[in-house]
Amino acid sequence: KGLSGGPLVATNLAPGEGYTSMGSFCTKNVGTIDLKYRGLFKVIEPSSGALIEHLAMKVDVLSGGMWTPIFEVFGNASIEEDQLINYFQFPGQASGTVNQYILTDILDPEEETCYRFSVKLDSGTPDSMQDKSLKFVLDLYATQVTQPGWD
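Remember, it's a predicted structure, so these values are computed and weren't measured experimentally.

Conventions we followed
Residues numbered from 1 in each chain as written. Predicted model: local features only at pLDDT ≥ 70, side-chain atom pairs only at ≥ 80, totals over all residues. Heavy atoms only, no water. Helix = DSSP H or I, 4+ residues; strand = E, 2+ residues; numbered from the N terminus. Rg over C-alpha atoms; globule rule 2.2 N^0.38 Å. Buried < 20%, exposed > 50% of the residue type's maximum accessible area, 1.4 Å probe, protein only. Contact = heavy atoms within 4.5 Å. Areas by Shrake-Rupley, 256 points an atom, 1.4 Å probe, with all protein chains shown as cover. Salt bridge = Lys/Arg side-chain N within 4 Å of Asp/Glu carboxyl O. Phe/Tyr/Trp six-rings, centres within 6.5 Å; stacked < 30°, edge-to-face > 60°. Core = buried A, V, L, I, M, F, W, Y, C linked by side-chain atoms within 4.5 Å. Polar contact = N/O pair within 3.5 Å; in protein donor to acceptor, adjacent residues only side chain to side chain.

A.B. asks: Got a minute to help me understand the overall build of the protein chain in this structure?
C.D. replies: The number of helices and strands found in the protein chain is zero helices and nine strands. When the helices and strands of the protein chain are placed in sequence order, the string is β-β-β-β-β-β-β-β-β. Against the globule reference of 15 Å for 151 residues, the protein chain gives a C-alpha radius of gyration of 16 Å, in line with a compact fold. When its C-alpha atoms are laid out on the principal axes, the protein chain stretches across 50 × 40 × 30 Å. For the protein chain, with 151 residues in total, the buried portion stands at 32%. A separation of at least 24 residues holds for 74% of the contacts in the protein chain among residues at least 6 apart in sequence. If you sum the accessible surface of the protein chain, you get close to 8800 Å²; carbon and sulfur atoms cover 49% of it.

A.B. asks: How do you make sense of the pattern of salt bridges when you look at a structure like this?
C.D. replies: Working definition: two side chains of opposite charge can pair if their charged atoms are close together. The full count for this structure, using the stated rule, is three salt bridges. Note that Lys28 is salt-bridged to Glu110, the shortest N-O span being 3.7 Å. Remark: Glu110 occurs in the loop between strand S7 (103–107) and strand S8 (112–121) and Lys28 occurs in strand S2 (residues 20–28); sequence separation between them is 82 residues. In this structure Lys28 comes out as partly exposed when scored by relative accessible area, which is 30%. Using a relative accessible area of 51% as the deciding quantity, one classes Glu110 as exposed. A salt bridge links Lys42 to Asp139; the shortest N-O distance between them is 3.2 Å. Residue Lys42 is located in strand S3 (residues 35–43), and its partner Asp139 is located in strand S9 (residues 136–144); the two are separated by 97 residues in the primary sequence.

A.B. asks: Can you walk me through the packing of aromatic side chains in this structure?
C.D. replies: Two numbers describe a pair of aromatic rings. These are the distance of the centres and the angle of the planes. Within this structure, the stated rule accounts for seven aromatic pairs. When the centroid spacing of 5.8 Å and the interplanar angle of 35° are considered together, the rings of Phe25 and Tyr115 count as tilted. Of the two residues, Phe25 is situated in strand S2 and Tyr115 in strand S8; the sequence distance between them amounts to 90 residues. For the ring pair Phe41 and Phe88, a centre distance of 4.9 Å and an interplane angle of 25° mean the geometry is stacked.

A.B. asks: What exactly am I supposed to notice about the nonpolar core here?
C.D. replies: One broad trend across soluble globular proteins is that nonpolar side chains are buried collectively. Judged by nonpolar contacts, the single largest core of 27 residues is most densely connected at Met57, Phe88, Ile102, Phe117 and Leu134. Sorting the residues of this core by element identifies S2, S3, strand S4 (55–63), S7 and S8 as the ones contributing at least two each.

A.B. asks: Which parts of the structure should I look at to understand the side chain of Asn29?
C.D. replies: Mapped onto the elements of the fold, Asn29 is located in the loop between S2 and S3. Take Asn29: its relative accessible area is 1%, and that puts it in the buried class. In this structure the side chain of Asn29 is engaged in a polar contact, spanning 3.3 Å, whose partner is the backbone oxygen of Asp108.

As structure tokens, this is what we get:
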């Protein structure tokens, strides 16, 4: 339990430029036993999906007072990496579709972990993407580590 931060917003992105921070948030285990959690992005505006193909997203974790990259995923299908679209759940998506979680972790009691999300547009982003936006929420699911599943 325990979540602080948000909303995550990045504006005025330009193709080919470096990462722009959307903001950060922290999760904290305020309970008395270990918990595990995972997070998945859910798109809340169906028309925003086209922009994902041109985005790259980076996740940093706060460690020792410094932001350290832990994850980078691309939407550009020409890059042979995990595709960013797999980390978003879209309105009307088939219930059997399994998306990948952008965050997973285990927290001891009173432990806190802070994350920062950043995005950039690839240099080949077409002009038709101007004024497009991607609106989503990050759903975090948590349970006791002794609960089966999620392994």
